[in-house]
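Secondary and tertiary structure notes
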Amino acid sequence: MKKSIKYIAWIWMIMGFTLIHAQTKIIQGHIYDVDDQEPLTGVYIKTLDLQSHAVSDEDGFFQIKVKDTSGTLVLSLIGYKNLDVKYKGNEELNIKLQQDAILLSEVKVRAYGGNKTNRETAGAITVLDGDNIRTGSGISMAGALNSIPGVRMDQSTLSDARISIRGSGVRSQYGIRDLKVYINGIPLTEADGTTRIEGLDINDLGRVEIIRGPASSIYGGGLSGVALFEMNRAPYQERSLQASTLFGSFGLKRVSTAYRYGGDKINTYISYGKQWYDGYREHSKDERNFLTANMQFYPSDKQRLTVLINRTAQDSEIPGALTYDQMQQNPKQANASNLDKKAGRDQKWTRIGIGHTYQFNSMFSNTTSLFTYFYHLDHPLPYAYLHNNYQSYGARTKFDFNPKLSKFNTLVSFGAEFNQAYSTGTQYENVHGEEGAIRTSTEYKNTLYSAFLQSQTSFTPKLQLALGLSFNGLSYDFKNFLNIAKNGVKKFNGQVSPRAALSYNFGDFLSLHTSVSTGFSPPTTGEIQDEDRNINKNIQAQKAINYEFNAKGLLLNSRFNYDLALYKMKMKDELIPITIQQNITIYRNSGKTDHSGVELALAYEAVRDNDMKKVSSLRATFSGSYSHFRFTDYKILTADDIIKDDFTGNRLTGIAPWTFNLGLDMEMRMGLYANANFYYNDKLPLDDANTNYNKAWSVLNIKLGYQNELWSKLVLDIYAGIDNLTNTKYSSFVALNAVGFGGNAPAYYNPNPTRNYYGGLSLKYLFKK
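All values derive from a computational prediction rather than experimental measurement. (Residues numbered from 1 in each chain as written. Predicted model: local features only at pLDDT ≥ 70, side-chain atom pairs only at ≥ 80, totals over all residues. Heavy atoms only, no water.)

Quick look at the nonpolar core
Formed by 29 residues in total, the largest nonpolar core has its most connected members in Met141, Leu145, Met153, Ile163, Leu205, Ile210 and Phe229. The next biggest cluster of nonpolar side chains, apart from the first, holds 20 residues, and it includes Ile27, Tyr87, Leu93 and Leu97. (Core = buried A, V, L, I, M, F, W, Y, C linked by side-chain atoms within 4.5 Å. Buried < 20%, exposed > 50% of the residue type's maximum accessible area, 1.4 Å probe, protein only.)

Examining a nonpolar patch on the surface
Taken together, the side chains of Tyr393, Phe418, Tyr422, Tyr449, Leu469, Phe471 and Val496 define a hydrophobic patch exposed on the protein surface, amounting to about 640 Å² of accessible area. Those elements giving two or more residues to the nonpolar patch turn out to be β25 (409-431) and β27 (463-480). Structurally, Tyr449 can be placed in strand β26 (residues 434-458). Classification of Tyr449 as partly exposed rests on a relative accessible area of 39%. (Patch = residues over 30% accessible without salt bridge, like charges linked within 9 Å, V, L, I, M, F, W, Y side chains within 5 Å. Areas by Shrake-Rupley, 256 points an atom, 1.4 Å probe, with all protein chains shown as cover. Salt bridge = Lys/Arg side-chain N within 4 Å of Asp/Glu carboxyl O. Helix = DSSP H or I, 4+ residues; strand = E, 2+ residues; numbered from the N terminus.)

Here's the deal with the packing of aromatic side chains
To describe a pair of aromatic rings, one takes the distance between the centres and the angle between the planes. One pass over the structure, following the stated rule, counts 27 aromatic pairs. Following the ring pairs from residue to residue traces out a cluster consisting of Tyr358, Phe360, Phe364, Phe399, Phe401 and Phe414. The ring of Phe733 has Arg162 lying over it, and the distance from NZ or CZ to the ring centre is 4.3 Å. In this arrangement the basic side chain of Lys490 is found over the ring face of Phe492, its NZ or CZ atom lying 5.2 Å from the centre. (Phe/Tyr/Trp six-rings, centres within 6.5 Å; stacked < 30°, edge-to-face > 60°. Lys NZ or Arg CZ within 6 Å of the ring centre and 35° of its normal.)

With respect to the pairing of strand β36 (residues 658-668)
Pairing analysis gives nine bridges linking β36 to strand β37 (residues 672-681), with the strands arranged antiparallel. Looking across to β37, one finds that Gly663 is bridged to Asn677. Where β36 folds back on β37, the antiparallel hairpin that results is connected by three residues, among which Gly671 adopts a positive phi of roughly 115°. (Pairing = 2+ DSSP bridges.)

A few points about the sheet that holds strand β7 (residues 93-97)
Strand order in the open sheet made by the three strands is β4-β1-β7, with mixed pairing throughout. Edge positions in the sheet fall to β4 (61-66) and β7, since each of these pairs with one other strand and no more. This sheet shows a mean twist of 35° between the axes of neighbouring strands, independent of strand direction. Pairing between strand β1 (residues 25-33) and β7: five bridges, direction parallel. Note on β7: the bridge partner recorded for Asp33 is Leu97. (Axes fitted to C-alpha atoms, helices over the stretch in contact; angles between N-to-C directions.)

Right, here's the structure in full:
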């Protein structure tokens, strides 16, 4: 009898074990970065009941045991947003995680490759996610970029913007120069070095990575640095349709819609928007249309295909600069000449790019992109009426080889970039805003090419050395159809740009980096002509060498983040403008400057999501910079190369010695959120002689909103804010070295809007939860 009972017990145990085992399922898959498809190591995966957990390996692969055939997994990784993933059956998951820019040091950066965090990478690098970029009303990036130490975006109206980093680019008379800009790995910067970001809808941007300082060893021309933009991508397993509207002061109106689908084999983001703005000043209306399609296809674990289509139209009035007395009398007025000539810009951009990434094996991969970019410009100005057509095409390819050696492992990257552009322009007399007699009819063919090689060697797990080198070439082929005697070709001397960086990681609390890098910036097509409007055969690129020290780390249980940069950049062959007569300026390589500075970024997370408080997130930030920039050899010459003025030793024009930004962000579990930021800009010289100054100014912006999910299918986001709460009267965009003609004072100032209000609403419908 006892034996029978014993046998029965054994049978029940075996049956129970078999039943439990039969109910246990294995869910497996891979986890990648949504932006670059890099496999993510160390992702923590757990079930909702906390009964099972797993960690992804170096290939991003994971397996986890679950009890049910369907359910939810919770994924977390430092530097990335937490994600709930639903599973069903035995399907294999290909999960995409989005980066979280809250922990500045732990964000993965793509600046120099290597799939490393910011803390592990030498150089001054800042990453902003989409929410950071759309700080405030979401119609300008000025608030976001000005929160980065050493970076300044000047924008008084929506018709133009200027971005400078560590002083480079601040002298640009229009658009952006000295900064290399990419979108989804495709160059946004034109072949002659100029960039227009007005063609981007910032609501379509999901990420930007800013490299401060020369990075020509891998990205080609650009003294100030590089901006790597990424378009929005859909969160994994989300399929949604969103409609948004925005209203604000000075006739601001905006409507937009966006479709998102984040699947295992495809990621789709498509948006359309329209924006109207009457403007703070007279003659400053701005109207825009945006259409963007950003799609990623994942045919296999080895490859990814990216398709970008972007079409933008902007019709903008240009109010022009005012004298100091005019600004004090009525800052809303427009420049009389701009009014009479109906100055404005009607521009339509189209960008198409295709990118392909292929992982040949665990050690070797390639990313290649093909692109075309064209626009039409109708541009009445006070001194002329311009018609331009531009078209470019090109490619960029980059190979990565990682032998994964046990000692002295070296990651090698090499590749090339090519961009050829055709530009035709016709200039007419401007007769009260209408085309008059033709002045010039020209054509440019600009050809840019570069090849680069980079290595990153790990001597020990803590000590690393990075070396880089690039060779860059540029030529301008110029034709004047009304005077063929002025035709010519300008070939610039080939530029070799090396970089070396040494890093030592003491731990999460401290990593030290030192680097030496070089950069160059060629003159634009508008700067290569002499006083007779012939090609200046002697003009060359500006050059710089940058010495830098960085300290980065996390303290106080990883709640306190710091990033310190000390640098000294020496520039030579700077392009010095020489005004021959009104609206005619030529350039010479006759300047040297010294850029020495300190940059500091701090962030403290007082409350985190896992603290289980009513306030789910409370974060304070500080960023500041001190810039000691001087002319070390700066002589203004006449057209005959006779010294007219000597400004050696003066402060660099347009540079504020001190700038800082304070920010506070809060989120509550009930859905309320709020943010505030305060920005201070020190007084700065308006001319090379340092005789006129733009006074110091500061602005305070606040925003309050509520976001929550309604009825499990609808997400509501409603918000309101005030920009320039203190009603400061200031001009951030100033016309440097403006000259007064006919006895008039120089017109330096483009007044910014005074206190203004905005409010918005968006509804997102979730097709599948």
